[in-house]
Amino acid sequence: MSSNFFSWERFVHVFPQVLQKLPVTFQIVVIATIIGVLLGTLLAVIRIKRIPVLNQLAYLMISFFRGTPALVQMFIVYYGMPLLFRSYLNMDLSGVNKIFFVFITFGLNQAGYMAELIRASILSVPIGQTEAGYSVGLTGWQTFYRIVFPQALKVAIPGLETLFVMLLQDTALAYMIGVADMMGKVRMIAATTRHSIEGYIGVAIIFAAISLILEGIFAVVNHRSSRRKKVVA
């Protein structure tokens, strides 16, 4: 009975097949992060500057992507974008690779969280630091790059770690719209072998290992940032 539930032989056979789909997960994480950082920075600037109308729209967008499940967002993007493009732009998205909708979903999702993280980190730097930069003749950009940004980054590091780990785990939802990632591979294996527990355990091990690696990387970055700050002080 136990061998029917779980088999090490099946696990050893399935694990490499699941691992082969890891690049798909990394691709989603990288592209979604790029979109999230760029769009999140723009939203953060709009919120900090309190630009009329845009500030309210940015607030609504951030609230939506922070307040709704990523799975719901993915279905809205996957089913809503083709209808929107067909109705208003007369464009057919039926031939677009499904992973494109995953990029858009998680990119927008990350933008919502990144915007608030970036905004909070920048606002955490005392205004006196900016005024000090201006007083010694630095331009607005030089003041931000040399004084505000390093301090804001130090504040943002723990939040960035959390966002990366959350994004990594959320990518497991991509199979719900037919993307052949690690979870999608497990589903395909289960459909042909009627055994899935080995594949799911393999996915869990991979995600846990990557999460631990990310935590280690951020711990090193945070430690070096703290040491640099002490040296400068």
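Cut-offs applied
Residues numbered from 1 in each chain as written. Predicted model: local features only at pLDDT ≥ 70, side-chain atom pairs only at ≥ 80, totals over all residues. Heavy atoms only, no water. Core = buried A, V, L, I, M, F, W, Y, C linked by side-chain atoms within 4.5 Å. Buried < 20%, exposed > 50% of the residue type's maximum accessible area, 1.4 Å probe, protein only. Helix = DSSP H or I, 4+ residues; strand = E, 2+ residues; numbered from the N terminus. Contact = heavy atoms within 4.5 Å. Salt bridge = Lys/Arg side-chain N within 4 Å of Asp/Glu carboxyl O. UniProt positions renumbered as here; feature names shortened; annotations may be inferred. Axes fitted to C-alpha atoms, helices over the stretch in contact; angles between N-to-C directions. Left-handed = near helix turned anticlockwise from the far one by under 90°. Nonpolar A, V, L, I, M, F, W, Y, C, P; charged D, E, K, R; others polar.

## Some remarks on the nonpolar core
Judged by nonpolar contacts, the single largest core of 32 residues is most densely connected at Val-18, Ile-28 and Val-102. Elements represented by at least two residues in this core include exactly helix H2 (8–19), helix H3 (22–49), helix H5 (70–88), helix H6 (98–123), helix H8 (140–170), helix H9 (182–193) and helix H10 (197–232). Apart from residues lying up to four places away in sequence, Val-18 is in contact with Met-182, Lys-185, Val-186, Ile-189, Gly-199, Val-203 and Ile-206. Of all hydrophobic cores here, the second largest spans 9 residues; its members include Ala-44, Met-114, Ile-157 and Leu-160.

## Observations concerning the pattern of salt bridges
Within the structure shown, the criterion is met by 3 salt bridges. Between Glu-198 and Arg-10 there is a salt bridge whose closest N-O contact spans 2.9 Å. Residue Glu-198 is found in helix H10, and its partner Arg-10 is found in helix H2; the two are separated by 188 residues along the sequence. Exposure remark for Glu-198: the relative accessible area of 2% places this residue in the buried category. For Arg-10, a relative accessible area of 22% gives the class partly exposed. Arg-119 serves as the salt-bridge partner of Glu-116, at 3.0 Å between the closest nitrogen and oxygen. With Glu-116 and Arg-119 both in helix H6 and 3 residues apart, this pair spans about one turn of that helix. Here the salt bridges share partners, and the residues they tie into one network are Arg-47, Glu-116 and Arg-119.

## Considerations on the UniProt feature "transmembrane region" (unreviewed entry) in the protein chain
In the UniProt entry, the feature "transmembrane region" (unreviewed entry) is given for residues 24–45, 57–79, 99–118, 155–180 and 200–221. End-to-end, the C-alpha atoms of residues 155–180 are 36 Å apart, and along that stretch the chain is 62% helix and 0% strand. Secondary structure within residues 200–221 divides into 100% helix and 0% strand; the distance between the first and last C-alpha atoms comes to 32 Å.

## Some thoughts on the packing of helix H7 (residues 127–135) against H8
Put simply, H7 and H8 touch, their axes get as near as 9 Å, and they point 145 degrees apart. For the crossing formed where H7 meets H8, the hand is right-handed. Across from Gln-129, Thr-130, Gly-133 and Tyr-134 in H7, the residues of H8 making contact are Gly-140, Thr-143, Ile-147, Val-148 and Gln-151. Residue composition of the contact of H7 with H8, by class: 3 nonpolar, 6 polar and no charged.

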